[in-house]
Amino acid sequence: MPLSVLALFVVLGVSAVVVSVYVFGDNAGRKLDENTARKRFTRDFPGFDPQTIVISDDGYDALLVSDNDSRSGLVHRIGKNYLTRLLERGSLRKMELTGQGIDLYVNDFTLQKISFSLADENLRKQVFGTLPSE
Amino acid sequence: MDLIIPNFPNVTQLAIPAFVALILIELFVLRRFRNVEGFETRDTVTSLMMGVGNVVSGLIFGFVAYGVLTWAYGFRPITIGFEWYWIVLCFVIDDLRYYVYHRIAHRCRWVWAEHVIHHSSQHYNLSTALRQSWTGVFTGMFVLRIPLVLMGFHPALIVFVGGINLLYQFWIHTETIGKMPRWFEAVMNTPSHHRVHHATNPRYLDANYAGTLIIWDRMFGTFVEELEEDIPNYGLVKNIGTFNPLRVAFHEWVDMFRDALRSGLTFRQRLGYLFNPPGWRHDQPVSGSEAIKLDFVERNPEESGKPGLPSL
């Protein structure tokens, strides 16, 4: 097949699919709640028993803390779905308290930074204190 | 003997309009009959970009694999022609080759680094079928086709049947089709079988490696049936956090070399991070999918020994 024809097929095809999915697909993610965060995290880490769950103000992220063994984990919304990460020493390159929440710089090539929004200053500091060191 | 080599079409390129049409049909079916949207724009765009990159990569690097096969063809003891029965035989043997490649791709991190791309979506729809690797040539897995060449099959025929094989696998990337008739499910790879393959549920990990024929999984003990009570969760054991095609394409290569080049490891441990199964850890006696399955069975002892799960 001539390259020009292939390129035309590809451009037209990709455009048709993308426009259709944008119009008819589902691009609205759901906000996290405690139940969803617990269920989603323990699906990937069944041995983890979270006693404390903090949902970010925008509903995109959840921090889970197991008081029994002081481990913490993260649920993060990626599009319509979620991913999970166990936070251990070295998981985070850097953590920064900001006016709106906590910026977590993750040691992860596909997940560079999570902005955990928390307007409550006290809660923000409390959560910051539970995170593992860099 | 002078062979007249047929002008085999590049079936995967010719099928592009059909891919587009079927994706649009699937989108319609999901909305109209299942009342689920199923597709997500960013995920679909990423999948299509990985597909485009795969085609580009093939155009740029395709000469490497074909060149090696052509060189190896010179050592064949016999020459096989292009009659229909040879094409069928070549297809079946190449399908076995695909099973071997695919099993290696899940059990050897060096090859997983390119194959992981295909599994990196948490969605399972026809656009997922097009989410293909950009770096396949760098794994060297094209050498698995050398035995076919040495049997006497021409490289052009091998590439052609390989294209048919990939074409077959497009339609099985869907949730809109439940189970096919029993006789079909017994022999062919199907949407049900392939949903198991893409799932990260403990029992479904490292199962159903088939391309076209599921018989290889049944023969070699890697077959797991899809269960109604264990709905597949798609994606990776550690899902990626990006839709950026460049990061998607190279993330496992980056992670693999980061692991292998860490300080304090022996040479053997470094090789382990390159060639042992994904998830392998030098400091854990059981890791990766074995650890996940074992942990699941320990928490659910009634599942011990069932297909896809170890016995306690």
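Going by the structure above, here's the rest.
To start, this report covers the structure provided alongside it. (Residues numbered from 1 in each chain as written. Chains lettered and ligands numbered in written order. Predicted model: local features only at pLDDT ≥ 70, side-chain atom pairs only at ≥ 80, totals over all residues. Heavy atoms only, no water.)

1. Some points on the pairing of strand E5 (residues 92-97) of chain A
Residue and element names in this part refer to chain A. To be explicit about the condition: Strand pairing is assigned whenever DSSP identifies at least 2 bridges connecting the two strands. Here a helix means four or more residues in a row that DSSP labels H or I, a strand means two or more in a row labelled E, and each is numbered from the N terminus.
In terms of strand pairing, E5 meets strand E6 (residues 101-106) through five bridges, oriented antiparallel. Within the sheet, the bridge partner assigned to Leu92 lies in E6 and is Val106. The antiparallel hairpin formed by E5 and E6 contains three residues in its connecting segment.

2. Brief notes about the interface of chain B and chain A
In plain terms, the rule: Here, residues are in contact when the closest pair of their heavy atoms is within 4.5 Å. The buried area of a pairing is the accessible area, by a 1.4 Å probe, that goes missing from both parts when the two are put together, added over both. Throughout this description, the term salt bridge denotes a Lys or Arg side-chain nitrogen within 4 Å of a carboxyl oxygen of Asp or Glu. Polar contact criterion, stated in full: a pair of N or O atoms within 3.5 Å, where within protein one must be able to donate a hydrogen and the other to accept it, and residues adjacent in sequence count only if both atoms are side-chain atoms. Classification used: nonpolar for Ala, Val, Leu, Ile, Met, Phe, Trp, Tyr, Cys and Pro, charged for Asp, Glu, Lys and Arg, polar for all others including Gly.
Contacts between the two partners involve 40 residues from chain B and, on the opposite side, 34 residues from chain A. Taken together, both faces of the contact between chain B and chain A bury some 3200 Å²; the carbon and sulfur share is 65%. A per-residue breakdown of the area chain B buries against chain A is headed by Thr41, Gln122 and Arg247 of chain B, which together make up 16% of the total. At the boundary of chain B and chain A, one finds zero salt bridges. On the surface where chain B and chain A come into contact, there are nine residue pairs in polar contact (both at pLDDT 80 or more). Contributions of two or more residues to the side of chain B that touches chain A are made by helix H1 (11-14), helix H2 (16-33), helix H3 (41-73), helix H12 (245-260) and helix H14 (288-299) of chain B. For the side of chain B that touches chain A, the element with the most residues is H3 of chain B, which contributes nine residues. Class assignment for the residues of the side of chain B that touches chain A results in 19 nonpolar, 11 polar and 10 charged.

3. Digging into helix H13 (residues 267-275) of chain B
We apply this condition: In this scheme, a residue with accessible area under 20% of its type's maximum is buried, one over 50% is exposed, and one in between is partly exposed, where area comes from a 1.4 Å probe on protein chains only.
Taken together, the buried positions of H13 of chain B are Gly272, Tyr273 and Leu274 of chain B. Where H13 of chain B is buried, its residues touch helix H5 (109-119) and H12 of chain B.

4. Concerning the side chain of Arg203 of chain B
All names here are of chain B. Its place among the elements puts Arg203 in the loop between helix H10 (191-198) and helix H11 (215-220). A polar atom in the side chain of Arg203 sits 2.9 Å from the side chain of Glu303. When near neighbours in sequence (up to four residues on either side) are disregarded, Arg203 contacts Val224, Leu227, Asp230, Lys293, Phe296, Glu303, Lys306, Pro307, Gly308 and Leu309.

5. Observations regarding the packing of aromatic side chains
Heads up, the condition is: Only Phe, Tyr and Trp rings take part, Trp by its six-membered ring, and two of them pair if their centres are within 6.5 Å. Stacked means planes under 30 degrees apart, edge-to-face means over 60, and tilted covers everything else. Each ring is checked for a lysine NZ or an arginine CZ that lies within 6 Å of its centre and within 35 degrees of its normal; such an atom marks a charge sitting over the ring.
In this structure the tally under the stated criterion is 23 aromatic pairs over all chains. On the basis of an interplanar angle of 85° and a centroid distance of 6.0 Å, the ring pair of Trp110 of chain B and Phe257 of chain B is categorised as edge-to-face. Taken together, the positions of Trp110 of chain B in helix H5 and Phe257 of chain B in helix H12 put the pair 147 residues apart, joining distant regions of the chain. Owing to a relative accessible area of 21%, Trp110 of chain B belongs among the partly exposed residues under this scheme. Taken together through their ring pairs, the aromatic side chains of Trp110, Trp253, Phe257 and Phe275 of chain B make up a single cluster. Seen from the ring of Tyr60 of chain A, Arg77 of chain A lies directly overhead, with NZ or CZ sitting 4.0 Å from the centre. A cation over a ring is seen here: Arg247 of chain B above Phe109 of chain A, with NZ or CZ 4.8 Å from the ring centre.

6. Some details on the sheet that holds strand E7 (residues 113-117) of chain A
All names here are of chain A. Let me state the cut-off plainly: For helices, the fitted line uses only the C-alpha atoms of the stretch in contact; every axis is such a line through C-alpha atoms, and the angle between N-to-C directions lies from 0 to 180 degrees.
Taking strand neighbours across the sheet as the criterion, the three strands line up as E5-E6-E7 in an open arrangement whose pairing is antiparallel. This sheet does not close on itself; its edge strands, each paired only once, are E5 and E7. If you compare each strand with its neighbour and ignore which way they point, the axes differ by 15° on average. The strands that helix H3 (residues 121-130) touches are E5 and E6; relative to E5, the one it contacts most, it runs at about 160°.

7. Quick look at the side chain of Ser121 of chain B
You can see Ser121 of chain B is positioned in the loop between H5 and helix H6 (126-129). A polar atom in the side chain of Ser121 of chain B sits 2.7 Å from the side chain of Asp43 of chain B.

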